Amino acid sequence: QVHLVESGGGLVQAGASLRLSCAASGRSLSARRMGWFRQAPGKERELVAEVRWTVGTTIAESVKGRFTISGVYDKNTVYLQMNSLKPEDTAVYYCAASAQLGGTYDYWGQGTQVTVSS
């Protein structure tokens, strides 16, 4: 069993920064892709950013220029640096991992709340 554990969420004011971390534990996982999704109340879960090791990164237009994804491939660890946070960034942020470069994600974290006050 693979477990993804997120950390770093919290309550901040608009304009502040947060860094989310996600690490995989449990059964050995050679993740070829890791990503961050978010889900705001009443909205569908959306992709925020993902890194496909050896291929590159994808950043949602809504956060481009403010958020950065990075990680350590051989440690199945991924980070989301969030700068210039806005109230509309408020959501539960989920980490995900997959052994495949495409398709649906295989593993999900429990989520971490990010709340941005105006």
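Keep in mind it's a predicted model, so treat the numbers as computed, not measured.

## Some thoughts on the environment of Ser28
Now for step 1: Tracing the backbone through its elements, the reader meets Ser28 in the loop between strand S3 (18-26) and strand S4 (33-39).
Now for step 2: With 27 residues separating them in the primary sequence, Ser28 and Gln1 have C-alpha atoms 8.6 Å apart.

## As for the pattern of salt bridges
Now for step 1: Tallying each qualifying case throughout the model produces 5 salt bridges.
Now for step 2: A salt bridge links Arg38 to Glu46; the shortest N-O distance between them is 2.7 Å.
Now for step 3: For Glu61, the salt bridge goes to Lys64, with nearest N and O atoms at 2.8 Å.
Now for step 4: For Glu61, a relative accessible area of 62% corresponds to the exposed category.
Now for step 5: A cluster of three or more residues bridged by salt bridges with shared partners is formed by Arg38, Glu46, Arg66 and Asp89.

## Concerning unusual backbone geometry
Now for step 1: Positive phi is not limited to glycine here, since Asn76 has a value of about 45°.
Now for step 2: Structurally, Asn76 can be placed in the loop between strand S7 (67-72) and strand S8 (77-82).
Now for step 3: In this structure Asn76 comes out as buried when scored by relative accessible area, which is 9%.
Now for step 4: Not every positive phi belongs to a glycine, and Ser84 is a case in point at roughly 50°.
Now for step 5: Following the sequence through the fold, Ser84 ends up in the loop between S8 and strand S9 (91-98).
Now for step 6: Classification of Ser84 as partly exposed rests on a relative accessible area of 41%.

## Describing the side chain of Asp89
Now for step 1: Along the chain, the position of Asp89 falls in the loop between S8 and S9.
Now for step 2: Relative accessible area serves as the criterion here: at 1%, Asp89 is assigned to the buried category.
Now for step 3: A polar side-chain atom of Asp89 sits 3.0 Å from a polar atom in the side chain of Arg38.

## Some thoughts on the nonpolar core
Now for step 1: One finds Met34, Trp36, Leu80, Met82 and Tyr93 to be the most contacted residues of the largest nonpolar core, which totals 31 residues.
Now for step 2: Elements supplying a minimum of two residues to this core: strand S1 (2-7), S3, S4, strand S5 (46-52), S7, S8, S9 and strand S11 (112-117).
Now for step 3: Among the elements that take part in this core, S9 stands out by supplying 4 residues, more than any other.
Now for step 4: Aside from chain neighbours lying at most four places away, what touches Met82 is Ala16, Ser17, Leu18, Leu20, Arg66, Phe67, Tyr93 and Val114.

## Regarding the state of the cysteines
Now for step 1: On inspection of all chains with the given rule, the structure shows 1 disulfide.
Now for step 2: Covalently, Cys22 is tied to Cys95 through a disulfide, its sulfur atoms 2.0 Å apart. For the disulfide bridge between Cys22 and Cys95, the dihedral angle about the S-S bond is near -80°, and by the sign convention the bridge is left-handed. Within this pair, whereas Cys22 is found in strand S3, its partner Cys95 is found in strand S9, the two being separated by 73 residues in sequence.

What counts, and where the lines are drawn
- Residues numbered from 1 in each chain as written.
- Predicted model: local features only at pLDDT ≥ 70, side-chain atom pairs only at ≥ 80, totals over all residues.
- Heavy atoms only, no water.
- Helix = DSSP H or I, 4+ residues; strand = E, 2+ residues; numbered from the N terminus.
- Salt bridge = Lys/Arg side-chain N within 4 Å of Asp/Glu carboxyl O.
- Buried < 20%, exposed > 50% of the residue type's maximum accessible area, 1.4 Å probe, protein only.
- Polar contact = N/O pair within 3.5 Å; in protein donor to acceptor, adjacent residues only side chain to side chain.
- Core = buried A, V, L, I, M, F, W, Y, C linked by side-chain atoms within 4.5 Å.
- Contact = heavy atoms within 4.5 Å.
- Disulfide = S-S within 2.5 Å.

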